[in-house]
Amino acid sequence: MGDESQAIWSLIRETRARRPGKAADHPKRAEVYGAALQQFEELMRAARSVGYASRPLPLFYAISQAGRAITAAWADQPWELHGHGLKFEKGPTAFRSIVKPEPKATSSFQSVATVVHQGVVGLTGGVELGALWASLPDLNPQDLRDERWRRPLIVLHELEDPATSRVRGKYVIAEIGIAADRWKHLRMLNESLSDNELDAEFEALMRHYPTAEGWQHYRPQGLRLVDFGYFGPKFTIYWQADSATLGAREWAFVHHAFEHRVSGTWWIRPDLNEAGDFLWPLMTWWTLLYGLSMLARYHPGEWTSALRVDDSPETVPLEAALDVALEVVPHFVLEGLRAEQFTVPA
């Protein structure tokens, strides 16, 4: 466990004596808060000590117990949880397997998602495990042989002093980078496409990135929509701010692109299915780990086959998810406990 992970765990443990929200002065909520976080910590420790064949089980139940602490702190009545609120359907491969919502007022997924998503449940239709996996910036460095699912977009921006810039004014300019090796199926990677064709391809793609809503092409005279670099195309877009002040432009930017765990790195994450469902990181990991745990628990033969590295192209990305989860799930649990985003220095 690195210094960053240890620091996150220390911050989580500190909340046990300084309980947030409704758990601060409600005896029953306080009892559940402390007990659930104790179980979360022990289950995460158990997950680290076992191999990939069993790891999805303690990982999912760890995040599920953390959810009980989150609802004890922040949920309105009813805040005590009963049932998963999700249903698993095995697909032809691990990543093609599907998780569907089973809405119940007191189910774990719906209750925690309502807190984390500030009143929006987040999942209305089925989602493939591959879509959940691919949507997470935590796993973006990892190759996925079947790149059928949308990846997060990295966002570059510069909020220079507006007094020195007459061109940009109330605009928030951003460059959207698309790594060609992660988007092999995209027609827009063809450099011979016309500007009109590129416009149409890019607009179709951006419809699947709900937090980017309101974006427009930034194309001053003589600037082409896309710049093809070594790693792939970069598209320049902008959002409108309320004024040309630096603060207004920063506010506009952070309501469309989001830091993901690490300060100074900004992402726009995709929707997950044809219904346009979108989940914040904690609930994305929750749903992914639920699906993997159901596969491991109820279909152990198929699960161990998917982990057979000599035969299965899914082995390495599955292992990556189970390794990365050990490091990042505590971070997103801490965000849920604090009810605010938290980042660490790059």
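Conventions and cut-offs
- Residues numbered from 1 in each chain as written.
- Predicted model: local features only at pLDDT ≥ 70, side-chain atom pairs only at ≥ 80, totals over all residues.
- Heavy atoms only, no water.
- Buried < 20%, exposed > 50% of the residue type's maximum accessible area, 1.4 Å probe, protein only.
- Helix = DSSP H or I, 4+ residues; strand = E, 2+ residues; numbered from the N terminus.
- Pairing = 2+ DSSP bridges.
- Salt bridge = Lys/Arg side-chain N within 4 Å of Asp/Glu carboxyl O.
- Expected span 1.5 Å × (residues − 1).
- Contact = heavy atoms within 4.5 Å.
- Core = buried A, V, L, I, M, F, W, Y, C linked by side-chain atoms within 4.5 Å.

1. Notes on the pairing of strand E5 (residues 171-177)
Consideration 1: With five of seven residues buried, E5 is to be regarded as a mostly interior element.
Consideration 2: Of the strand pairs in this sheet, E5 and strand E8 (residues 233-240) are connected by seven bridges, and their pairing is antiparallel. By the bridge assignment for E8, Val 172 is matched with Trp 239.

2. Comments concerning unusual backbone geometry
Consideration 1: Of note, the bond from Gln 77 into Pro 78 is cis; its omega dihedral lies within 30 degrees of zero at -10°.
Consideration 2: Located in the positive-phi region is Arg 261, a residue other than glycine, with phi close to 75°.
Consideration 3: If you trace the backbone, Arg 261 turns up in the loop between strand E9 (258-259) and strand E10 (266-268).
Consideration 4: Residue Arg 261 is classed as buried on the basis of its relative accessible area, which comes to 18%.
Consideration 5: Phi is positive for Ala 339, which is not a glycine, with a value near 60°.

3. Some thoughts on the pattern of salt bridges
Consideration 1: A full pass over the atoms with the stated rule returns 12 salt bridges.
Consideration 2: The salt bridge partner of Arg 18 is Glu 14, with a shortest N-O separation of 3.8 Å.
Consideration 3: For Asp 323, the salt bridge is made with Arg 55, and the minimal N-O distance between the two is 2.7 Å. Of the two residues, Asp 323 sits in helix H10 (residues 315-338) while Arg 55 sits in the loop between helix H2 (27-49) and helix H3 (56-74), which places them 268 residues apart along the sequence.
Consideration 4: Classification of Asp 323 by relative accessible area gives partly exposed; the value is 32%.
Consideration 5: It is possible to trace a salt-bridge network through shared partners that takes in Arg 13, Glu 41 and Arg 45.

4. A few points about H2
Think of an α-helix as 3.6 residues a turn; residues three or four steps apart then line up on the same face.
Consideration 1: A rise of 1.5 Å per residue sets the reference length of H2, with its 23 residues, at 33 Å; its end C-alpha atoms lie 34 Å apart and thus fit the reference within 8%.
Consideration 2: Considering only its buried residues, H2 is in contact with helix H1 (3-14), H3 and H10.

5. Some remarks on the nonpolar core
Consideration 1: Membership of the largest hydrophobic core comes to 71 residues, with the highest contact counts inside it found for Phe 40, Trp 285 and Val 329.
Consideration 2: Sort the elements by how many residues they give to this core and H10 lands first, with 12 residues.
Consideration 3: With residues near it in sequence (within four places) discarded, Phe 40 still touches Trp 9, Ile 12, Ala 62, Ile 63, Gln 65, Ala 66, Val 329, Pro 330 and Val 333.
Consideration 4: Counting 21 residues, the second-largest nonpolar core is a separate cluster that includes Val 172, Ile 176, Phe 202 and Trp 266.

Take it as geometry only, folks, not as evidence of what the structure does.
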